[in-house]
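Residues per chain, in single letters:
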Amino acid sequence: MLRILLFLYSLRSFLLFVLLEVLAIGLIVANNSPQGAAFFNSSNAFTGSVLKTRSDVADFFSLAEANSALLTKNAELLSELKLLKEIPDSTFIALDSALEEKFEFKGARIISNSLRFGQNHLTLNKGSKDGIKPGMGIFNEQGVIGRVKSVSANYSVGISLLNTGLTLSSKLKTNNSFGTTNWDGKDSEHARLLYVPSHVVANVGDTIVTTGFSNVFPEGIPIGIISSVEKGEDPNFLDIMIDLSTDFSSAHYVYLVENNQIEELDSLHQQAEIKDEL
Amino acid sequence: MNFRNLIYFVFLVTILALVQILFLKNLALFGVAYCFIYIIAILSFPVNIRHFPLILISFGIGLIIDVFYDTLGLNASAATLLAFLRPYWIKSISPNGGYDESTKPTLHDMGIGWFISYSLPLAFAFSLAFFIADQWGTGGLFGVFNKSLFSSIFTVLMAIIVQLLFFKRKRGIQ
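Residues numbered from 1 in each chain as written. Chains lettered and ligands numbered in written order. Predicted model: local features only at pLDDT ≥ 70, side-chain atom pairs only at ≥ 80, totals over all residues.

Novice: Would you take a moment to explain the packing of helix H3 (residues 51–69) of chain B against helix H4 (residues 74–92) of chain B for this structure?
Specialist: Each pair of packed helices can be described by the angle between their axes along with the distance between the axes. All names here are of chain B. Viewed as axis vectors pointing N to C, H3 and H4 meet at an angle of 155 degrees, and their least axial separation amounts to 7 Å. By the criterion of interaxial angle, the relationship of H3 to H4 is roughly antiparallel. By crossing handedness, the relation of H3 to H4 is classed as right-handed. Contacts between H3 and H4 pair His51, Leu54, Ile55, Ser58, Phe59, Ile61, Gly62, Leu63, Ile65, Asp66 and Tyr69 from the former with Leu74, Asn75, Ala76, Ala78, Ala79, Thr80, Leu82, Ala83, Phe84, Arg86 and Pro87 from the latter. (Axes fitted to C-alpha atoms, helices over the stretch in contact; angles between N-to-C directions. Helix = DSSP H or I, 4+ residues; strand = E, 2+ residues; numbered from the N terminus. Parallel < 35°, antiparallel > 145°, perpendicular 65-115°, else oblique. Left-handed = near helix turned anticlockwise from the far one by under 90°. Contact = placed C-beta atoms within 7 Å.)

Right under this line is the structure:
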């Protein structure tokens, strides 16, 4: 017995190495499942405050850009608002519950963002105090950015669209045929559009937007523009590459969207045993 | 390792980790050359540091970087591998007559030729472990090798520059 213990003791650094590697791999696996809660990540108070200080300094230099992006978005929204504004009328019609407000929007700032790994994440400066919940969609005026994964009191961490684990229900704007956007882990400007049947007419230059099927994003938020269409290895599907419309390296201010009816829809889907993609 | 050394290494690890976290997160030259500057700290611990604490310390440093990067486990696993391999590699490239008790495997103590042959394979092993775990399931072994090779070269270059600029030079006979 003693000799076994001595033998193990002589191997202690190797055993520690194996133990820590197994632990690390366990952490990688747990962290990379898009649904599972992460153990620790950059949303905890200390990490969040360090990253926020860094971004406070760094973002100061891009305020002009951020301002002009906000102005553009504001102008767009104002023109839309003008169309929707009620014309004063003597009659009053109670709105149907089908027109009930479905999506709720919030604003936040990215305080940390990565683009160079296979599984990229981003940290936002708002948390559960500000009403951020896991599962909310993140986008900016350019297009889709990602989805909130976990939330602390003051910060939240989202999975970037630049994450091979994230799939996004998307469609061609021209003919509404839908597919799934998934990043291929290569560079931050391109992604793939999967599962588009080969009979669909897809042309270079077509716009890809969100479908609204997934209940995370409203319909019609831009994702990208088709850059190449080829016959895939699987003859049933097309092999489509898209240029992402969001410039992830310069994204600072983002909008978060929450579907108010997601609980109802989720329980309905559960009843019908439908598994959802994003 | 005496008290002065301890303070020195705590300081070194903190500075390098801060630089890594604050400035080098999205830096990748030509999309392939990443810079893992914090591994200089792991590489420059004294030669006679025991294996067991070295592995533990490296795992801890890697984990701290991971928490800030949201890449939980990636840096930790690669840094653990680096720390595990380090003593074997140091032993196998030991110069005639072995090492002094207090030798640090740094540029100024050992010279540039030895330092490159010491750090480049270790940095390559680190990068390889990092990118295999990072790109797992996305295919493309070529991409992994490409990134590992250029990242290790870039990291070693940065290590040499950092040591030339900031590390204390050995003066006369110690």
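Novice: Got a minute to help me understand the interface of chain B and chain A in this structure?
Specialist: How big an interface is tends to be stated in terms of the accessible area lost upon association of its parts. With 28 residues of chain B at the contact, the number on the chain A side is 32 residues. Of all the secondary-structure elements, those providing two or more residues to the side of chain B that touches chain A are H3, H4 and helix H6 (112–134) of chain B. Sorting elements by how many residues they give to the side of chain B that touches chain A places H3 of chain B first, with 8 residues. Among the residues forming the side of chain B that touches chain A, the class breakdown is 15 nonpolar, 10 polar and 3 charged. (Nonpolar A, V, L, I, M, F, W, Y, C, P; charged D, E, K, R; others polar.)

Novice: Looking at this structure, I do not really get the nonpolar core. What am I missing?
Specialist: The nonpolar side chains of soluble globular proteins are, as a tendency, buried together. Within the largest apolar cluster, 93 residues are counted, with the highest numbers of intra-cluster contacts made by Tyr38, Ile39, Ile42, Ala79, Leu82 and Phe126 of chain B. Of all the elements, H3 of chain B adds the most residues to this core, at 10 residues. Composition of this core by domain shows at least three residues from each of domain 1 (2–32) and domain 2 (167–248) of chain A. Apart from residues lying up to four places away in sequence, Leu82 of chain B is in contact with Ile39, Ile42, Ser58, Leu122, Ala125 and Phe126 of chain B. (Core = buried A, V, L, I, M, F, W, Y, C linked by C-beta atoms within 7 Å. Buried ≥ 20, exposed ≤ 12 C-beta atoms within 10 Å, placed from the backbone. Domains from an automatic or database assignment.)

Novice: What exactly am I supposed to notice about the domain arrangement of chain A here?
Specialist: By the assigned domains, chain A splits into domain 1 (2–32) and domain 2 (167–248). In this structure, domain 1 of chain A and domain 2 of chain A have C-alpha centres spaced 44 Å apart.

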